[in-house]
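Listed below, chain by chain, are the residues.
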Amino acid sequence: MEILVTAAVISYIIYLRYYADLRTKSEKERDQMRAGIELFDNQQYEAAFSYFDEWIRTKPSSSVAYLYRARCLRRLGKTSKALDDLKTGLGYDDTVVDLHLETGQILYEQQASEAAFQEFDKAVFHSHGNLAEPFHWRGLAFRQLNQPQSAQQDLERAQALAQSQQTVAGLVRPNDPFFDRKLLVNGVFILINSLVLLYVIKETDVVHWPYLLAAISAAAIGFAQPRKGWLLAILQVATLLIGYFVFANPPRNGGDRELELFSLYGCIGLTFVGSFVGGVLKRALGT
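Taking an unreviewed UniProt entry as the reference, the protein is identified by name as Tetratricopeptide repeat protein belonging to Larkinella insperata.

Draft legend 1. Quick look at the overall build of the protein. Per the secondary structure count, the protein includes 14 helices and 0 strands. Mapped from its N terminus to its C terminus, the protein presents α and β elements in the order α-α-α-α-α-α-α-α-α-α-α-α-α-α. Per-residue burial for the protein yields a buried fraction of 42% across its 287 residues. In the protein, once contacts between residues fewer than 6 apart in sequence are set aside, the share between residues at least 24 apart is 63%. Carbon and sulfur atoms make up 58% of the accessible area of the protein, which amounts to about 16000 Å² in all.

Draft legend 2. Main features of unusual backbone geometry. Although it is not a glycine, Q43 adopts a positive phi angle of roughly 65 degrees. Among the secondary structure elements, Q43 is positioned in the loop between α3 (34–41) and α4 (45–58). Residue Q43 is classed as exposed on the basis of its relative accessible area of 59%. In this structure, Q111 is a non-glycine residue whose phi angle is positive, near 65 degrees. Turning to its location among the elements, Q111 is positioned in the loop between α7 (97–109) and α8 (113–126).

Draft legend 3. The arrangement of the pattern of salt bridges in detail. As enumerated under the stated definition, the model contains 12 salt bridges in all. Residue E102 pairs with R75 through a salt bridge whose shortest N-O separation is 3.3 Å. Taken together, the residues span a long stretch of sequence, with E102 in helix α7 and R75 in helix α5 (residues 63–75) at a distance of 27 residues. By relative accessible area, which is 3% here, E102 ends up buried. A relative accessible area of 39% places R75 in the partly exposed class. Here R138 makes a salt bridge to D154, at a shortest N to O gap of 2.5 Å. Note that R138 is positioned in helix α9 (residues 132–144) and D154 in helix α10 (residues 148–167), a separation of 16 residues in sequence. An identical accessibility class is assigned to R138 and D154; each is buried. Salt bridges here are not isolated pairs; linked through shared partners, they connect R30, R71, R74, R75, D98, E102 and E109.

Draft legend 4. Main features of the side chain of T271. Within the secondary structure, T271 sits in helix α14 (residues 254–285). Given the relative accessible area of 0%, T271 is considered buried. Once you skip the residues sitting within four places of it in the chain, T271 turns out to touch A218, A233, Q236 and V237.

The rules behind each value
- Residues numbered from 1 in each chain as written.
- Predicted model: local features only at pLDDT ≥ 70, side-chain atom pairs only at ≥ 80, totals over all residues.
- Heavy atoms only, no water.
- Helix = DSSP H or I, 4+ residues; strand = E, 2+ residues; numbered from the N terminus.
- Buried < 20%, exposed > 50% of the residue type's maximum accessible area, 1.4 Å probe, protein only.
- Contact = heavy atoms within 4.5 Å.
- Areas by Shrake-Rupley, 256 points an atom, 1.4 Å probe, with all protein chains shown as cover.
- Salt bridge = Lys/Arg side-chain N within 4 Å of Asp/Glu carboxyl O.

Here you go:
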């Protein structure tokens, strides 16, 4: 039993480290650079440039830092250096849509129509056709290339996407549905964990092992999904209840049954409390 619980705890650590957060590398970098991005958004370009320049000195492979340093350089009139930074950023991660958009915009302004179109086309591809801006700029590039029909199609597509995004503004982002891949992966993990926890409840003759496992797994639920953890907690509780009362064989000994029920209901309580604490901890850390 000790080996099983230890293995489960180690699996939680691996889960939180590698699988709980399914954001892309660039999405994580943006969150880490919020202070610098706010400087840029507030048009404090010199201060923002210094921020991202220092970031690149410590983390030279950050594509998002190159993106924002390039944006600062562009606003400061240093277009050539901006293009160099954008090229370097693409070398580290060519899936970042904004790197292609920023590069394409500079090339578009320089009348390098074919090269600009290629960058906007890549932006459309890496955005999976879900963003309005790449279609808008590709439409302008088509127009610059004297392809009015293709330009009209892209501009209409951009307008439709923009209207769709405005419709759901303030509710749910169009690219962030409630039942997303991250929630699905976490749900599968919770199902597996619930079965392990049920096995521990049935097989152990003490309460501290299932309680320990329930507390750690519940904290992992909240940490992995600070806003949707309540749904995963309900999933774990439902699995425990259904598994115990429908599929598990009740012990003949009354004392053993009381111990199992004490462990079961204690684990249910720890699931809700632990998931709440895990969510609070995740938000407090801001990771």
